[in-house]
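Per-entry structural report
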Protein chains: 4
Amino acid sequence: MKILVSNDDGYQSPGLIVLADALRTLGEVQVVAPERDYSGASHSLTLKRPLRIRHQPNGFIQVDGTPTDCVHLALTGLPGIEPDIVVSGINHGANLGDDVLYSGTVAAATEGRFLGLPSIAISMVSYTPQHLDTAAQVAVQLVARLREQPLEPSIILNVNVPDRPYSELAGFKATRLGHRHKAEPIIEARDPRGQTIYWIGPAGPEQDAGPGTDFDAVRAGFVSITPLQVDLTRHAALASLDAWLTGCA
Amino acid sequence: MKILVSNDDGYQSPGLIVLADALRTLGEVQVVAPERDYSGASHSLTLKRPLRIRHQPNGFIQVDGTPTDCVHLALTGLPGIEPDIVVSGINHGANLGDDVLYSGTVAAATEGRFLGLPSIAISMVSYTPQHLDTAAQVAVQLVARLREQPLEPSIILNVNVPDRPYSELAGFKATRLGHRHKAEPIIEARDPRGQTIYWIGPAGPEQDAGPGTDFDAVRAGFVSITPLQVDLTRHAALASLDAWLTGCA
Amino acid sequence: MKILVSNDDGYQSPGLIVLADALRTLGEVQVVAPERDYSGASHSLTLKRPLRIRHQPNGFIQVDGTPTDCVHLALTGLPGIEPDIVVSGINHGANLGDDVLYSGTVAAATEGRFLGLPSIAISMVSYTPQHLDTAAQVAVQLVARLREQPLEPSIILNVNVPDRPYSELAGFKATRLGHRHKAEPIIEARDPRGQTIYWIGPAGPEQDAGPGTDFDAVRAGFVSITPLQVDLTRHAALASLDAWLTGCA
Amino acid sequence: MKILVSNDDGYQSPGLIVLADALRTLGEVQVVAPERDYSGASHSLTLKRPLRIRHQPNGFIQVDGTPTDCVHLALTGLPGIEPDIVVSGINHGANLGDDVLYSGTVAAATEGRFLGLPSIAISMVSYTPQHLDTAAQVAVQLVARLREQPLEPSIILNVNVPDRPYSELAGFKATRLGHRHKAEPIIEARDPRGQTIYWIGPAGPEQDAGPGTDFDAVRAGFVSITPLQVDLTRHAALASLDAWLTGCA
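Residues numbered from 1 in each chain as written. Chains lettered and ligands numbered in written order. Predicted model: local features only at pLDDT ≥ 70, side-chain atom pairs only at ≥ 80, totals over all residues. Heavy atoms only, no water.

Across its full length, chain A holds six helices and 13 strands. In terms of C-alpha radius of gyration, chain A reaches 19 Å, essentially the compact-globule figure of 18 Å for 249 residues. When the backbone C-alpha atoms are referred to their principal axes, chain A occupies close to 55 × 55 × 45 Å. Once local pairs closer than 6 in sequence are excluded, the contacts in chain A between residues at least 24 apart make up 74%. When the accessible surface of chain A is totalled, it reaches about 8600 Å², and 52% of it is carbon and sulfur. Within chain A, the 27 negative side-chain charges are centred at a point lying 4 Å from the centre of the 19 positive side-chain charges. (Helix = DSSP H or I, 4+ residues; strand = E, 2+ residues; numbered from the N terminus. Rg over C-alpha atoms; globule rule 2.2 N^0.38 Å. Contact = heavy atoms within 4.5 Å. Areas by Shrake-Rupley, 256 points an atom, 1.4 Å probe, with all protein chains shown as cover. Lys, Arg positive; Asp, Glu negative; His and termini not counted. Charge placed at Lys NZ, Arg CZ, Asp CG, Glu CD.)

Structure follows, in structure tokens:
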């Protein structure tokens, strides 16, 4: 089994290293990851400049681009990379609810969809995780299970793991993405030269975080597993839009 | 009516200027746009450094960040900006099928969803558009129609306009997103210093582009209008995932 | 007479626009300037990625690179640009003493040296200049005087202009660069996510700023004009270094 | 003895690692280096955004900024760093003649001048050096010699080492910087989307490269050592400029 591993925290991230090590028990692991932290990169793709790669002593391939660039490059041309699955992470910090839209971790996993293969994005629910090995063990279990018993093709699983010892997990739970309120206001400040600057504020509080959501699952100590899609069409709105448009032209 | 306008080609883009001018016939227009071309930026959000703004002589506010940064900034703190609708574009180049995932134009529109207001992303099906005024007229019609007769809250419309005179449009069509094949291979080259570089290849050819898709509509000369969602949960897979997970833990 | 104009504040800078307008009274002006603010760029040259240019409606050529990139590009290949002189500015903020080493304004001027032609870097002694026309008039005078009576080939003049009406200038003064003390300490802070960040501190106070220096001249209301060289060899140290090295190998 | 080590190729560069290891025989080595390749960065200083550091497992401090940022940060605030000397390198590629102006390696060394301490920039005359240990041995010799018998305060030595075994060096030579002709023309190309791009061309051929220059020394197999200054005033031109200005105002 060949496993392509990437992330958005960069090739030096402890989470990435722990993940790659753990997955080696299941097959051949190939790591293609950004040269630096690209958190918040979403599906950003580098079109205006060429990319460069560097081979690390530990076998990792480092790319001077985004998470999406890394997986795109790996799947459309880097020689010798023909994975059976794409795994992205272990992210330091949760990717829950609306965060998923901005997440480079999830974007890297999603980029694997064109192969018709399963992809997994895996995140720790802590910016300073103490139990990366818990998430690594979860990743190994999910990949092994997918090998034994595949889910539908191109499935993308968004996995969030509470930061606790494996033995203290409450279990695994299939969830839907919750939703947040609008983000906190921007933070206005002045730089040392007196000029006005703005920091993007923190994500908003949870709005839809009840039973069934990923928010609720991790709060209760479960590993939250949300199946994702990439079809952004709001199919349910097609009929009413059609009618509405008749009044337009 | 207050209209927030942004884009991903940058505040200097002719498409943006034409759009802002046209929408002024409907109400107050506020433009908050990136300082340079951010095509392919997707929902990328700038978290590691602060943002700066600059007021242009023409009233536009220029941000040294991504399309998502622009709309986020506008909606979470820039004083005096309380729009009734967000319009992003006019993009030079189509945003069809899977392209939508990477599009900064669509991301800017999407960022308006937290307000419970409608958003429109509008693109010309040409990298060197000759008929920007056609798309501008389409934008005015859609915004006017939304004001008269609102669609469901938080609706996001992804609009693609053929590059032809308005009178030669075949009409408006509600569509779903088509799908592309895997992208073309990366293009390996050498820089003038002899080092290997890689360019991301072109988007793949159309795979699912039959009747009902956005690809099909614009090919037939229609304005394609796709309602988008931001809920990435693959709800149809939840039950089977639940069963599958019982074998996992 | 053909005059190449650039700067480091970017092609939108009022200082640049005022300068280009004023110099048009002397000959043909061609502007090639960075797309955004590159203050502090020094002689930074972009070698790892290609550059792109954009023609502005006002005839300016905008480059997505550093000040040095701009002049380098203009002098080694952009068609139709064969200047008799390079003028860089008008910078918003002084370039005095050690600042010159970091200045993109001075770097842009310096890049003209390979042509054996004179170059001028011109800066206002204020970050928020009220009298850009004073500096513009100084620039016109210097360029006109260089045309009448050339100085030695490849001369680079670093000009700093007090921010006051032209009639209130005390005169022109040939100066040497003064020196500053070590910079102020870095400013440690936390970003909104709690992570430690560091801002480069302000430039240090003046150390060598007595009679004859540029610091002294502008303080007294003079236009300070320092002839610069690009030969960084410390010739006076060659003999003692030679002797010292005999004990080394 | 405390030695601050930096470079412009980034903290992962083999040249940096070999240098730090070799200098540990002389005292305590502290490495503060850029997170990625910053070749060509010159004295570029990051003023518009804050910097972040990361401690590497090997004790290196990595900065998300330029070579100048690294040494500036180290000398104006990072706790516990009070070096007796600054050494920058080992650069992969020569820094000869006019190259010095653009070199991040030399800029990092130069930034140490405010301490009144000696600084050394050391480069291999090869982009793919085979004999980094030769340069490391040269660095050790020079630092040891400076400790025994100091040169004048704030001396900056620009050292270029031929890529050969130490035993095959022809000796050490004090040199002046040579000069190059104008750079080769820019290289115009098209990106995969058909847009015009420009690559900065190679450095120009040698113009002033005769006896006494750094070009000549390395060609003859010597280690070239050039004492540098940072006073950019062209003192010899001050008198004639003074006279010339009388005709100006």
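All right, on to the relation of the copies chain A and chain B then. If you rotate chain A by 180 degrees and push it 0.0 Å along the axis, it lands on chain B with an RMSD of 0.0 Å. Seen this way, the second copy is the image of the first under a two-fold rotation axis. Taken together, the interface assignments show that 99% of the residues at the interface of chain A recur at the interface of chain B, consistent with an identical surface on both copies. (Least-squares fit on C-alpha atoms with pLDDT ≥ 70 in both.)

Turning next to the relation of the copies chain C and chain D. The pair of chain copies shares a relation made of a rotation about an axis and a shift along it. For the pair chain C and chain D, the relating rotation is 180 degrees, the translation along its axis is 0.0 Å, and the fit reaches an RMSD of 0.0 Å. With an isologous cut-off of 70% or more, the 100% of interface residues of chain C that recur at the interface of chain D puts this contact in the isologous class.

This chain's UniProt record puts "domain: Survival protein SurE-like phosphatase/nucleotidase" (unreviewed entry) on residues 3-183 of chain A. Here residues 3-183 of chain A is 24% helix and 24% strand, with 36 Å between the C-alpha atoms at its ends. (UniProt positions renumbered as here; feature names shortened; annotations may be inferred.)

Residues and elements named next belong to chain A. UniProt's feature table lists "binding site: a divalent metal cation" (unreviewed entry) at Asp8, Asp9, Ser39 and Asn91, given in the numbering used throughout. Spanning 84 residues, the named residues form one tight spatial group whose C-alpha atoms are at most 9.2 Å apart. Its location among the elements puts aspartate 9 in the loop between β1 (2-6) and α1 (14-23). Within the structure, aspartate 9 has its side chain in polar contact with the side chain of serine 39 (distance 3.2 Å). Topologically, asparagine 91 is positioned in strand β5 (residues 85-92). Setting aside residues up to four positions removed in sequence, asparagine 91 forms contacts with Asp8, Asp9, Thr105, Ile122, Ser123 and Met124. Of note is the side chain of asparagine 91, whose polar atom sits 2.8 Å from the backbone oxygen of glycine 93. (Polar contact = N/O pair within 3.5 Å; in protein donor to acceptor, adjacent residues only side chain to side chain.)

The next subject is the interface of chain A and chain B. The partner chain B presents 87 residues to the 87 residues of chain A that form the contact. Summed over both sides, the interface of chain A with chain B buries roughly 7800 Å², with 66% coming from carbon and sulfur. For the interface between chain A and chain B, the tally reads eight salt bridges. Among the ionic pairs, lysine 48 of chain A bridges to aspartate 37 of chain B, the shortest N-O distance being 3.0 Å. Counting the contacts that link chain A with chain B gives 39 residue pairs in polar contact (both at pLDDT 80 or more). Those elements that place two or more of their residues in the side of chain A that touches chain B are α2 (67-75), α4 (132-148), β7 (156-161), β8 (171-174), β9 (179-180), β11 (196-199), β13 (222-228) and α6 (238-246) of chain A. Among the elements that make up the side of chain A that touches chain B, the one with the highest residue count is α6 of chain A (six residues). (Buried area = accessible area lost by both parts, 1.4 Å probe. Salt bridge = Lys/Arg side-chain N within 4 Å of Asp/Glu carboxyl O.)

Once that is clear, we can look at the layout of surface pockets. Roughly 360 Å³ of internal volume is contained in the second largest pocket. Those elements that provide at least two residues to the lining of the second largest pocket are α1 and β3 (53-55) of chain A together with β3 (53-55) of chain D. Here the lining of the second largest pocket is built from residues that sort into eight nonpolar, seven polar and two charged. (1 Å grid on protein atoms, 1.4 Å probe; cavity = no way out; pocket = protein on both sides within 12 Å on 5 of 7 lines; lining within 4 Å. Points joined across faces, edges and corners; volume = space filled by probe spheres on them. Nonpolar A, V, L, I, M, F, W, Y, C, P; charged D, E, K, R; others polar.)

Contact residues are listed per partner, giving 88 residues for chain C and 88 residues for chain D. Regarding the contact of chain C and chain D, the summed buried area is about 7700 Å², with carbon and sulfur atoms giving 66% of it. If you sort the residues of chain C by the area they bury against chain D, Leu232, Arg234 and Trp244 of chain C come out on top, with a joint share of 11%. Viewed at the interface, chain D and chain C are joined by eight salt bridges. Put simply, aspartate 191 of chain D and arginine 52 of chain C hold a salt bridge, and the shortest N to O gap is 3.0 Å.

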